[in-house]
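Notes for the structure review
Given next are the chains, with one letter for each unit.
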Amino acid sequence: MPSPRDRQARLATYAVYAVQGLSFASLLIQVANLQAKHGLDEGTLTVLLLIVPVFAGVGSVAAGAFAARLGSKLLLRIAQPVVAAAVVLAGLAPSVPLLVPVLLVFGVAVGAVDAGMNMQGVAVERRYGMQVLNGFHCVWSVFSLAGALWASVAAGLPLPVVMAIPMVFAVAGSLYAGPNLCTIDEEKVKSTSVQADGRFPWRPILPLCLAMAFLYIGDAAVSNFNTLFMKNVLAAGPQVIPLAYAAYQAATLAVRLGGDVAARRYGAAAIVRIGGVIATLGFLGVVLAPNQPLGIIAFGLTGMGLAVVAPQSFSAAGKLDPAGTGVAIARVNLFNYVGFIVGAALVGGIADATDMRVAFVAPLVLAAAIIALAPGFQPKQAAEPYKA
């Protein structure tokens, strides 16, 4: 039975995921507007988009080391307000030379928050003794969807205003959550034979890492290029363009609402396998979409299929690291950005060389590969202690 303290930590973790979803969407949904504001061609835009996942990977690795010593609570209290500030500054940046350092700071901070919030999520899941991580990612999707819908409603307002208003709520949510998150002592599990010195074997988490990378290649394709696809391929207008990302997040949300129940009943491997099939069909729909409504539906299908992979990756990583060091989670999270880097470069490069439809074939193939990796999401036991 969860204690009042467990419930308090769970509510605070919900808030952290909500803030991250809102902050991330508030920047990513404005890619087309930032491109227009600064007069960027697709090649230059691709290079700029790579800044975020490259430095987010740095932030994630640093977060693993930081949290192992000082806990993810302090990490989040520092990094999450920085993410919100960077979103505001990205909207205000008058030129590319000023936009670049803002994207760098955003990347490092967002990587640290991604790792830290999933450390908190796994800590809460461990304290509850059952699957709850899908619920946290569900809240991320709700607020990411809210960010996309806000961008649609606020179309026509000055870009700095559109990007700054959600960040007021983001900072407020971060300030609320900070004091109530799990402390470092609450994150650790002392009664375990697994070493908690930051050393951890790669082999048991490799399927999770690969699936995470393939997921985020698909997510990078949708997040970075859905607005360009809708605008340049399907000739959508300013109010319709954000609806593709809204459909993606709405479908993600719908799946994650029942994700914890499904994982408890059928097992993580089964739902990841089904998710891979649906995501593959979704990307096929994007490649073939003849009009705006079917394009929006196809983007929704990709979200429905990819939705289960991230929470199950972190949950499985937590089971493989019962000492609660956070090392396995930080490593799996790193492949979030490996996928985003490869996805932005791969899809952007193919689009530059051919066209945007052909570019979406790459995430289609890799979404199918997730199906083969599904057995790795049902670990039979925790990782063996690391031996030098």
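Remember, predicted model here, so these are calculated numbers, not experimental data. (Residues numbered from 1 in each chain as written. Predicted model: local features only at pLDDT ≥ 70, side-chain atom pairs only at ≥ 80, totals over all residues. Heavy atoms only, no water.)

On to the packing of helix α2 (residues 31–38) against helix α9 (residues 206–233), then. When two helices pack together, their arrangement is captured by the angle between the axes and the distance separating the axes. Look at α2 against α9: their axes get within 8 Å of each other, and the N-to-C directions meet at 70 degrees. For the element pair α2 / α9, the angle class is roughly perpendicular. Between α2 and α9, the residues in contact are Val31, Ala32 and Gln35 and Asn224, Thr227 and Leu228, respectively. Split by residue class, the contact of α2 with α9 holds 3 nonpolar, 3 polar and no charged. (Axes fitted to C-alpha atoms, helices over the stretch in contact; angles between N-to-C directions. Helix = DSSP H or I, 4+ residues; strand = E, 2+ residues; numbered from the N terminus. Parallel < 35°, antiparallel > 145°, perpendicular 65-115°, else oblique. Contact = heavy atoms within 4.5 Å. Nonpolar A, V, L, I, M, F, W, Y, C, P; charged D, E, K, R; others polar.)

All right, on to empty space enclosed by the protein then. Per the counting criterion, the structure on display carries 3 cavities of 30 Å³ or more. What the largest cavity holds in volume is close to 350 Å³. What lines the largest cavity is a set of 29 residues, among which Phe24, Trp140, Tyr216, Asp219 and Asn336 lie closest to the centre. Per element, the largest residue contribution to the lining of the largest cavity is 5 residues, and it comes from helix α10 (residues 241–257). Here the residues of the lining of the largest cavity are counted per class, giving 17 nonpolar, 9 polar and 3 charged. Here the second largest cavity is characterised by a volume of approximately 190 Å³. Surrounding the second largest cavity, 16 residues form its lining, Leu27, Val31, Leu49, Val52 and Leu103 being those nearest its centre. (1 Å grid on protein atoms, 1.4 Å probe; cavity = no way out; pocket = protein on both sides within 12 Å on 5 of 7 lines; lining within 4 Å. Points joined across faces, edges and corners; volume = space filled by probe spheres on them.)

With the rule as written, the count across this model stands at 2 salt bridges. Between Asp6 and Arg127 there is a salt bridge whose closest N-O contact spans 2.7 Å. With Asp6 in helix α1 (residues 4–28) and Arg127 in helix α5 (residues 96–128), the pair connects residues that are 121 residues apart, well separated along the chain. Take Asp6: its relative accessible area is 7%, and that puts it in the buried class. Residue classification places Arg127 among the partly exposed positions, given a relative accessible area of 32%. (Salt bridge = Lys/Arg side-chain N within 4 Å of Asp/Glu carboxyl O. Buried < 20%, exposed > 50% of the residue type's maximum accessible area, 1.4 Å probe, protein only.)

Before going further, it helps to examine the packing of α1 against helix α7 (residues 159–177). Orientation of α1 relative to α7, taken along the N-to-C sense of each, is 160 degrees, at an axis distance of 9 Å. As summarised for this structure, α1 and α7 are arranged roughly antiparallel, according to the angle between their axes. Considering only the axes of α1 and α7, their crossing is left-handed. Contact residues: Leu11, Ala12, Ala15, Val16, Val19, Leu22, Ser23, Ser26 and Leu27 in α1; Met163, Pro166, Met167, Phe169, Ala170, Gly173, Ser174, Tyr176 and Ala177 in α7. By residue class, the composition of the contact of α1 with α7 is 14 nonpolar, 4 polar and no charged. (Left-handed = near helix turned anticlockwise from the far one by under 90°.)

Summarising the element assignment, Ala84 is placed in helix α4 (residues 72–92). Taking relative accessible area as the criterion, Ala84 reaches 2% and is therefore assigned buried. Sequence spacing of Ala84 and Gln20 is 64 residues, and the spatial spacing of their C-alpha atoms is 8.8 Å. If near-sequence neighbours (up to four positions away) are discounted, Ala84 is found in contact with Met167, Ala170 and Val171.

Once that is clear, we can look at the environment of Ile274. Mapped onto the elements, Ile274 comes out in helix α12 (residues 268–288). Separated by 28 residues in sequence, Ile274 and Thr302 place their C-alpha atoms 12 Å apart.

Bringing a nonpolar patch on the surface into the picture now. On the surface, Leu157, Val161, Ile165, Val168 and Phe169 cluster together into a nonpolar patch covering about 460 Å² of accessible area. Note on placement: Phe169 falls in helix α7. Note on Phe169: relative accessible area 59%, which makes it exposed. (Patch = residues over 30% accessible without salt bridge, like charges linked within 9 Å, V, L, I, M, F, W, Y side chains within 5 Å. Areas by Shrake-Rupley, 256 points an atom, 1.4 Å probe, with all protein chains shown as cover.)

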